[in-house]
Amino acid sequence: MKLSQISLLAGLIFSSSSWALSSDTEQPIHINSDSQHFDMQSNQVTFLGDVTLKQGSIKIFADKLVVIRPQGKEGREILEAYGKPARFSQLTDDGKTLKGRSNKLRYELEKEFLKMTDDAELTQDDSIIQGKVITYNMQTQKLIADGGKNERVTTILQPSQLNKK
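What you are looking at is a predicted structure, and each value in this text was computed from that prediction instead of being measured.

> Before we go on, may I ask you to explain the overall build of the protein chain in this structure?
Helix and strand content of the protein chain: two helices and 10 strands. Starting at the N terminus, the α and β elements of the protein chain follow one another as α-β-β-β-β-β-β-β-β-β-β-α. The buried share of the protein chain, reckoned over its 165 residues, is 38%. Of the contacts made within the protein chain by residues no fewer than 6 positions apart, 43% connect residues no fewer than 24 positions apart. For the protein chain, the accessible area works out to roughly 9500 Å², and carbon and sulfur atoms hold 47% of it.

Below is the structure:
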């Protein structure tokens, strides 16, 4: 299946108006971990051990979380979460929960861009998209799933959701 068809299919699964709770990015970020290491030269903080991040309804759970602030500018943070798997969840404006998991999550706050790599899975209700890499641009509301070199993307659509559209 071509990537453009996958994006169209993903749009059927997850309605574009329901991807993210619009007030989440305006909330403070709270991070808890077993330890943290701050490198002032690179404007980078590494959190290790049972890491939890909360920003509004956004929740990330990981073994390791790296927060990078390019050129020290607030609001441009890049979050990289690692785990077996790292997981996230977020409420949508219509009250549904979007969940994802992969071995690496990368979220760019300024661009509102999420990239899940290695055994990526995105679910809402009972519908699922699985692939090697899943990217989602929240501003343009475009999702791309890629199976990788020798694998394919798996999508499971639930009839109850399709009938509601």
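> Please explain the confidence of the model for the protein chain as it appears in this structure.
Here the protein chain averages 82 in pLDDT, while 82% of its residues score no lower than 70. Long-range and interchain partners of residues 1-18, a stretch whose pLDDT sits below 50, account for 36 contacts in this model, where long-range means more than four residues apart.

> Would you mind going over the pairing of strand 2 (residues 35-39) with me for this structure?
Looking along a regular strand, one sees side chains alternate from face to face of the sheet. Here strand 2 pairs with strand 3 (residues 44-55) via five bridges, running antiparallel. In the strand pairing of strand 3, H37 is matched with T46. Hairpin connection from strand 2 to strand 3: four residues lie between these consecutive antiparallel strands, with N43 at a positive phi of about 55°.

> Any chance you could explain the pairing of strand 7 (residues 113-124) here in plain terms?
Note: strand 6 (residues 97-108) against strand 7, nine bridges, orientation antiparallel. Bridging across to strand 7, G100 finds its partner in L122. In sequence, strand 6 turns back onto strand 7 through a hairpin of four residues, with E112 there showing a positive phi of about 50°. Examined bridge by bridge, strand 7 and strand 8 (residues 127-137) share 10 bridges and lie antiparallel to one another. Counted as the bridge partner of E121 is Q130 from strand 8.

> Can you help me understand the packing of aromatic side chains in this one?
Between two aromatic rings, the relevant description is the distance of the centres plus the angle of the planes. The full count for this structure, using the stated rule, is zero aromatic pairs. One cation-aromatic arrangement involves K64 over Y82; the distance from NZ or CZ to the ring centre is 5.5 Å.

> What should I look at first to understand the pattern of salt bridges in this one?
Side chains that differ in sign of charge can pair as their charged atoms come close. In total, this model carries eight salt bridges according to the counting rule given. The shortest N-O distance in the salt bridge between E80 and R106 comes to 2.3 Å. You can see E80 sitting in strand 5 (residues 78-91) and its partner R106 sitting in strand 6, a full 26 residues away along the chain. Judged by its relative accessible area of 11%, E80 falls in the buried class. Among the residues examined, R106 registers a relative accessible area of 23% and is labelled partly exposed. The partner of E121 in a salt bridge is R101, with the nearest N and O atoms 3.5 Å apart. Of this pair, E121 sits in strand 7 while R101 sits in strand 6, and the two are 20 residues apart along the sequence. For E121, a relative accessible area of 16% translates into the label buried. Overlapping salt bridges bring together E80, R106, E108 and K111 as one network.

Rules behind the numbers
Residues numbered from 1 in each chain as written. Predicted model: local features only at pLDDT ≥ 70, side-chain atom pairs only at ≥ 80, totals over all residues. Heavy atoms only, no water. Helix = DSSP H or I, 4+ residues; strand = E, 2+ residues; numbered from the N terminus. Buried < 20%, exposed > 50% of the residue type's maximum accessible area, 1.4 Å probe, protein only. Contact = heavy atoms within 4.5 Å. Areas by Shrake-Rupley, 256 points an atom, 1.4 Å probe, with all protein chains shown as cover. pLDDT = per-residue confidence, 0-100. Pairing = 2+ DSSP bridges. Phe/Tyr/Trp six-rings, centres within 6.5 Å; stacked < 30°, edge-to-face > 60°. Lys NZ or Arg CZ within 6 Å of the ring centre and 35° of its normal. Salt bridge = Lys/Arg side-chain N within 4 Å of Asp/Glu carboxyl O.

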